[in-house]
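Coordinate inspection notes
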Amino acid sequence: MKPYKFTAFEKTGKLIIEETWEFASDEEAKVKGQDLIDEKDFTEKTHRLVNNAGKLILFHV
């Protein structure tokens, strides 16, 4: 499992949440990460999911 950093922000730029999630691959992170975002109700918030190398996996403004 590899660490991925998830962050979500208000429109003002204020940080709402910052968590580390673990997935087996970038492809799994895209699918399961989106499921977690939907579950936590951050779908319409500005958010990003990056791997530990800084590669952007998911992003929404």
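A short tour of the structure in this document, coming up. (Residues numbered from 1 in each chain as written. Predicted model: local features only at pLDDT ≥ 70, side-chain atom pairs only at ≥ 80, totals over all residues. Heavy atoms only, no water.)

1. Considerations on the packing of aromatic side chains
Taken as a whole and assessed by the stated rule, the structure comprises 4 aromatic pairs. Ring centres 5.5 Å apart and planes at 65° place the aromatic pair Tyr4 and Phe23 in the edge-to-face group. With Tyr4 in strand β1 (residues 2-9) and Phe23 in strand β2 (residues 15-23), this residue pair connects regions lying 19 residues apart in the sequence. Grouped by ring-pair contacts, the aromatic residues Tyr4, Phe6, Trp21, Phe23 and Phe42 constitute a single cluster. (Phe/Tyr/Trp six-rings, centres within 6.5 Å; stacked < 30°, edge-to-face > 60°. Helix = DSSP H or I, 4+ residues; strand = E, 2+ residues; numbered from the N terminus.)

2. Quick notes on the pattern of salt bridges
In the structure shown here, the tally under the stated rule is 4 salt bridges. Close ionic contact of Asp26 with Lys55 constitutes a salt bridge, the shortest N to O distance being 3.5 Å. A residue pair is termed long-range when its members are at least 10 positions apart, and Asp26 in helix α1 (residues 26-39) and Lys55 in the loop between β3 (46-51) and β4 (56-60) qualify at 29 residues. The exposure class assigned to Lys55 is partly exposed, which follows from its relative accessible area of 47%. Glu28 is paired through a salt bridge with Lys32; the nearest N and O atoms lie 3.8 Å apart. Pair noted here: Glu28 and Lys32 are both in helix α1, with a separation of 4 residues, about one helical turn. (Salt bridge = Lys/Arg side-chain N within 4 Å of Asp/Glu carboxyl O. Buried < 20%, exposed > 50% of the residue type's maximum accessible area, 1.4 Å probe, protein only.)

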